[in-house]
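Architecture and fold: a report
Chain by chain, the residues run as shown.
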Amino acid sequence: MGTICNMGAEIGATTSLFPYNHRMADYLNATSRCDISQEASKYSESLLTPDKGCDYDQLIELDLSTLEPHVNGPFTPDLAHPISKLAENAKSNNWPIEIKVGLIGSCTNSSYQDMARCATIAKEALDHGRKSKIPFNVTPGSEQIRATIERDGIAQTLRDFGGTVLANACGPCIGQWDRKDVKKGEKNTIVSSYNRNFTGRNDANPATHAFVTSPEMVTALAIEARLDFDPTTESIKGADG
């Protein structure tokens, strides 16, 4: 819900809202804000929910069981590619196929659950003798998330995978990245779970083709480090073949 609200602006929404629900209550309770949860629950049916009989200009229904993972970009977060079409689109547009860097986290996709799911993918790769082929930067969403992923071994799993756990700050998402692996003006591809990928935003290089997708997809793509790899249909060869 947080990711959807954050990204609503990219399709022209000035405000994105979800009605109060049990997952919000779970989150508030888990983050030591039970008093807010209790107060919100008192008004969940009267204030924090759509008015009965309200009309909308447009109603869009999505069948999540048919929704395919997407990778968006480059240079804008609203240029969407189903993962099954990404290789074809990249080749036809002459985008660099090799991925130079993978980046997960930032304010949009850096919850404990996000990090845990990425660690699960990383652990499965490590169990088969594989890890990220490329630099893999991890930005926790808050000090609490940084502390809990350290406590629970998630950060160490991501380090074993080849990752570097950065400070819980905006980091490369807003250009706080002293990048050394490519020269300015050199055409290259990076993939992140950040919320924006405008020209030069991450590394001040206008030739960087930045793509955004889910943290899990970034993690999976980092293993092969290629845009023409589809982790939903293709296998990854283990170190033992």
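Up top is the structure.
We now turn to the structure provided with this report.

**Topic: helix α4 (residues 83-92)**
- Looking only at α4, the buried set comprises Ile-83, Leu-86, Ala-87 and Ala-90. One face of α4 carries all of its buried residues, which in axial projection span an arc of 90 degrees. Facing away from the buried side of α4 by over 90 degrees, the exposed positions are Glu-88 and Ser-92.
- Along its buried surface, α4 packs onto β1 (70-72), β2 (80-82), β7 (208-212) and α8 (215-224).
- Asn-94 sits one or two residues past α4 and shows a positive phi near 60 degrees.

**Thoughts on the side chain of Asp-230**
- Residue placement: Asp-230 occurs in the segment after α8.
- It is Lys-85 that comes nearest to the buried, bridge-free Asp-230 among opposite-charge side chains, at 10 Å.
- One polar contact links Asp-230 to Thr-232, side chain to side chain, over a distance of 2.5 Å.
- Sequence-distant contacts of Asp-230, defined by excluding residues within four places in its chain, comprise Ile-83 and Ser-84.

**As for the packing of helix α2 (residues 22-30) against helix α3 (residues 34-42)**
- Where α2 contacts α3, the two axes come as close as 7 Å, and the packing angle between them is 155 degrees. Here α3 runs roughly antiparallel to α2, going by the angle between their axes. Between α2 and α3, the contacting residues are Ala-25, Leu-28 and Asn-29 on the first element and Cys-34, Ile-36 and Ser-37 on the second.
- For the contact of α2 with α3, the per-class residue count stands at four nonpolar, two polar and no charged.

**Considerations on the environment of Leu-79**
- When you line up the elements, Leu-79 lands in the loop between β1 and β2.
- Residue Leu-79 is classed as partly exposed on the basis of its relative accessible area of 35%.
- Here the alpha-carbon distance between Leu-79 and Val-212, two residues 133 residues apart in the chain, equals 9.8 Å.
- Filtering out sequence-adjacent residues up to four positions away, Leu-79 remains in contact with Val-71, Asn-72, Gly-73, Pro-74 and Trp-95.

**Notes on the packing of aromatic side chains**
- Tallied over the full model, the rule gives two aromatic pairs.
- Each ring, one from Trp-95 and one from Phe-211, has its centre 5.6 Å from the other, and the planes form 65 degrees; the classification is edge-to-face. A residue pair is termed long-range when its members are at least 10 positions apart, and Trp-95 in the loop between α4 and β3 (99-105) and Phe-211 in strand β7 qualify at 116 residues.
- When its relative accessible area of 0% is taken as the criterion, Phe-211 is described as buried.
- Note on Phe-136 and Phe-161: the rings are 5.2 Å apart at their centroids and 85 degrees apart in plane angle, and the pair reads as edge-to-face. Here Phe-136 is found in strand β4 (residues 136-139), whereas its partner Phe-161 is found in the loop between α7 (154-160) and β5 (163-165), with 25 residues between them in sequence.

**Some points on the side chain of Ser-110**
- Its location among the elements puts Ser-110 in the loop between β3 and α5 (112-127).
- A distance of 2.3 Å separates the side chain of Ser-110 from the backbone oxygen of Ser-106, its partner in a polar contact.
- One polar contact links the side chain of Ser-110 to the main-chain amide nitrogen of Gly-141, over a distance of 3.3 Å.

**Notes on unusual backbone geometry**
- Here Gly-73 and Pro-74 are connected by a cis peptide whose omega angle stands at 0 degrees.
- Relative to the helices and strands, Pro-74 is located in the loop between β1 and β2.
- Non-glycine residue Ser-32 carries a positive phi angle of around 60 degrees.
- Position of Ser-32 relative to the elements: it lies in the loop between α2 and α3.
- Backbone geometry at Ala-204 places phi at a positive 65 degrees, although glycine is not the residue there.
- As for its placement among the helices and strands, Ala-204 is situated in the loop between β6 (188-192) and β7.
- Here Ala-204 falls in the partly exposed class, since its relative accessible area comes to 46%.

**As for the pairing of β3**
- Most of β3 is tucked away, with six of its seven residues classed as buried.
- Sheet analysis places β3 next to β6, joined by four bridges and oriented parallel. Pairing of Ile-99 across the sheet is with Thr-189, part of β6.
- With four bridges joining them, β3 and β4 adopt parallel strand pairing.

About the cut-offs
- Residue numbers run consecutively from 1 along every chain, following the written order of its sequence.
- Under the rules for a predicted model, residues below a pLDDT of 70 receive no local features and side-chain atom pairs below 80 are neither given nor counted, while totals for whole chains, interfaces and linings still include all residues.
- Computation of side-chain values: all heavy atoms of the structure, hydrogens and water removed.
- Each residue gets one of three labels from its accessible area relative to the maximum for its type: buried under 20%, exposed over 50%, partly exposed in between, using a 1.4 Å probe on protein chains only.
- The numbering of helices and of strands both runs from the N terminus, where a helix is a DSSP run of H or I of at least 4 residues and a strand a run of E of at least 2.
- The directions considered for the arc run from the helix axis to the C-beta atoms.
- Residue contacts are counted whenever heavy atoms from the two residues lie within 4.5 Å of one another.
- We score Asp and Glu as negative and Lys and Arg as positive, and we do not count His or the chain ends.
- In what follows, salt bridge is the name for a side-chain nitrogen of Lys or Arg lying within 4 Å of a carboxyl oxygen of Asp or Glu.
- In the analysis that follows, any N or O atom pair within 3.5 Å is treated as a polar contact, provided that within protein one partner can donate a hydrogen and the other can accept it, and provided that, for residues neighboring in sequence, both atoms belong to side chains.
- Helix axes use the C-alpha atoms of the stretch in contact, all axes being lines fitted to C-alpha atoms, and the angles between their N-to-C directions lie in the range 0 to 180 degrees.
- Between 65 and 115 degrees an angle is taken as roughly perpendicular, under 35 as roughly parallel, over 145 as roughly antiparallel, and anywhere else as oblique.
- Just so you know the grouping, Ala, Val, Leu, Ile, Met, Phe, Trp, Tyr, Cys and Pro go in nonpolar, Asp, Glu, Lys and Arg go in charged, and all remaining residues, Gly too, go in polar.
- Ring pairs are drawn from Phe, Tyr and Trp, using the six-membered ring of Trp, whenever the two centres fall within 6.5 Å, and their geometry is named by plane angle: stacked under 30 degrees, edge-to-face over 60, tilted for the rest.
- Between any two strands, pairing holds if DSSP finds at least two bridges.

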